[in-house]
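For reference, the chains in residue letters:
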Amino acid sequence: MKNIEHSTIALAGLFQSAYLVKQIAKQGMVDQSYFETAIASILKLDAPSTADVYGGVTNVQQGFRLLIKQFGAEEEQTFDHELMRYVLNMVVLERKLQKDKTMLSVIGNRVREAISYAEHNHLSHEHVLDSLANLYLDTMSNLTPRIQVTGERRFLENEINAKKIRVMLLAGVRSAALWRQKGGSKWQFVFSRKKIINIAKCHLESLYVTENPVR
């Protein structure tokens with residue numbers, strides 16, 4: 001698989017995490033299956049492939065749809081500026097994180113603790129969420145510029161929602177790191193839009209055929 005295909009899968013994971021941040025902040029709810037996919041991606045330290053980080057490409061379908069919509073937007077009103085702001089902020093945060101070796105070490109150790117919690121509970125268990133949310137709060141939230149999440153006050157002030165948002169921000173940074181490792185760069189947003197759209201479409205079409213075989 002070419003680097004652009006690997007990086008597109010990671011980019012789909014990144015966009016999907018940003019979408020979930022927005023969903024929680026605006027609606028006070030989250031798609032549970034994609035939410036758990038994001039959590040699992042944080043805890044997947046060793047994976048044989050990019051797709052395996054997310055448990056398979058089927059688990060980033062929403063991310064592929066978002067890539068197609070964002071990179072194929074020809075009119076201003078169809079482009080989601082808020083979503084893109086989250087994505088770009090996560091990319092910037094990941095680049096700053098890579099320069100802080102001490103923080104990286106702390107994150108690695110505490111992710112391993114969260115893995116231990118997840119092994120004895122389920123992915124969205126309170127202990128797992130607390131562990132990952134506090135990890136983000138103690139580390140990445142101290143990097144500047146801080147990611148400003150906008151939404152409904154009643155949802156943002158809910159402590160459980162706040163924890164979920166922090167975990168999704170952490171998942172987004174994880175995907176940003178994977179995207180960069182697979183050759184991703186912000187230049188792709190300018191020069192590789194058509195390639196990214198085509199790869200996303202191919203994955204969605206393949207998933208549709210798999211789920212709806214000809215009888």
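Residues numbered from 1 in each chain as written. Predicted model: local features only at pLDDT ≥ 70, side-chain atom pairs only at ≥ 80, totals over all residues. Heavy atoms only, no water.

(A) Layout of the pattern of salt bridges. One pass over the structure, following the stated rule, counts 8 salt bridges. As a salt-bridge pair, D80 and K22 come within 2.5 Å of each other at their nearest N and O atoms. Of this pair, D80 sits in the loop between α4 (61-71) and α5 (81-98) while K22 sits in helix α1 (residues 3-27); the two residues are 58 residues apart in sequence, bridging distant segments of the chain. Of the two residues examined, D80 and K22, each falls in the buried class. (Salt bridge = Lys/Arg side-chain N within 4 Å of Asp/Glu carboxyl O. Helix = DSSP H or I, 4+ residues; strand = E, 2+ residues; numbered from the N terminus. Buried < 20%, exposed > 50% of the residue type's maximum accessible area, 1.4 Å probe, protein only.)

(B) Main features of the packing of aromatic side chains. Per the counting criterion, the structure on display carries 4 aromatic pairs. Between F71 and F189, the ring centres sit 5.6 Å apart and the planes meet at 35°, which makes this aromatic pair tilted. Taken as a pair, F71 in helix α4 and F189 in helix α10 (residues 188-191) lie far apart in primary sequence, 118 residues in all. Note on F71: relative accessible area 5%, which makes it buried. Judged by relative accessible area, F189 falls into the buried class, the value being 8%. (Phe/Tyr/Trp six-rings, centres within 6.5 Å; stacked < 30°, edge-to-face > 60°.)

(C) Structural view of a nonpolar patch on the surface. A surface patch of nonpolar side chains, amounting to about 420 Å² of accessible area, comprises W187, V190 and F191. Tracing the backbone shows V190 in helix α10. By relative accessible area, which is 52% here, V190 ends up exposed. (Patch = residues over 30% accessible without salt bridge, like charges linked within 9 Å, V, L, I, M, F, W, Y side chains within 5 Å. Areas by Shrake-Rupley, 256 points an atom, 1.4 Å probe, with all protein chains shown as cover.)

(D) Quick look at the packing of α1 against helix α9 (residues 159-181). Relative orientation of the contacting elements α1 and α9 amounts to 165°, with a least axis distance of 8 Å. Taken together, the axes of α1 and α9 lie roughly antiparallel to each other. In this structure, the crossing between α1 and α9 has a hand that is left-handed. Residue-level inspection shows S7, A10, L11, G13, L14, S17, L20, V21, I24 and A25 of α1 in contact with α9, the latter providing N161, K164, I165, M168, L169, A171, G172, S175, A176, L178 and W179. Each residue belonging to the contact of α1 with α9 can be placed in one class, and the counts come to 14 nonpolar, 6 polar and 1 charged. (Axes fitted to C-alpha atoms, helices over the stretch in contact; angles between N-to-C directions. Parallel < 35°, antiparallel > 145°, perpendicular 65-115°, else oblique. Left-handed = near helix turned anticlockwise from the far one by under 90°. Contact = heavy atoms within 4.5 Å. Nonpolar A, V, L, I, M, F, W, Y, C, P; charged D, E, K, R; others polar.)

(E) Representation of the side chain of Q61. Relative to the elements of secondary structure, Q61 occurs in helix α4. For Q61, the side chain forms a polar contact with the main-chain oxygen of T58, separated by 3.0 Å. (Polar contact = N/O pair within 3.5 Å; in protein donor to acceptor, adjacent residues only side chain to side chain.)

(F) Molecular detail of the environment of K201. In this structure, K201 sits in helix α11 (residues 193-211). For the pair K201 and L67, spaced 134 residues apart in sequence, the C-alpha to C-alpha distance is 9.3 Å.

(G) Representation of the side chain of N161. Looking at where N161 falls in the secondary structure, it is placed in helix α9. Here N161 is in contact with I24, G28 and F155, once residues within four sequence places are set aside.

(H) Summary view of helix α6 (residues 101-120). Its 20 residues place the ends of α6 30 Å apart at the C-alpha level, agreeing with the 28 Å of an ideal helix rising 1.5 Å per residue. Residues of α6 that are buried in the fold lie against α2 (32-43), α5 and α7 (126-138). (Expected span 1.5 Å × (residues − 1).)

(I) Fine view of the environment of V57. Among the secondary structure elements, V57 is positioned in the loop between α3 (50-53) and α4. Looking at V57, the relative accessible area reads 18%, which means it is buried. Once residues within four sequence positions are removed from consideration, V57 is found in contact with I9, A51, F64, H203 and L207.

(J) The arrangement of α5 in detail. Its 18 residues give α5 an end-to-end C-alpha distance of 26 Å, which sits within 8% of 26 Å, the value for a rise of 1.5 Å per residue. Three or more residues of α5 are buried, namely E82, L83, M84, Y86, V87, M90, V91, L93, E94 and L97. The N-cap residue of α5 is D80: its side-chain oxygen and the backbone nitrogen of E82 are 3.2 Å apart.

(K) Representation of unusual backbone geometry within the structure. In this chain, T144 is followed by P145 through a cis amide linkage whose omega measures -5°. As for its position among the elements, P145 is in the loop between α7 and α8 (153-156).

Take it as geometry only, folks, not as evidence of what the structure does.
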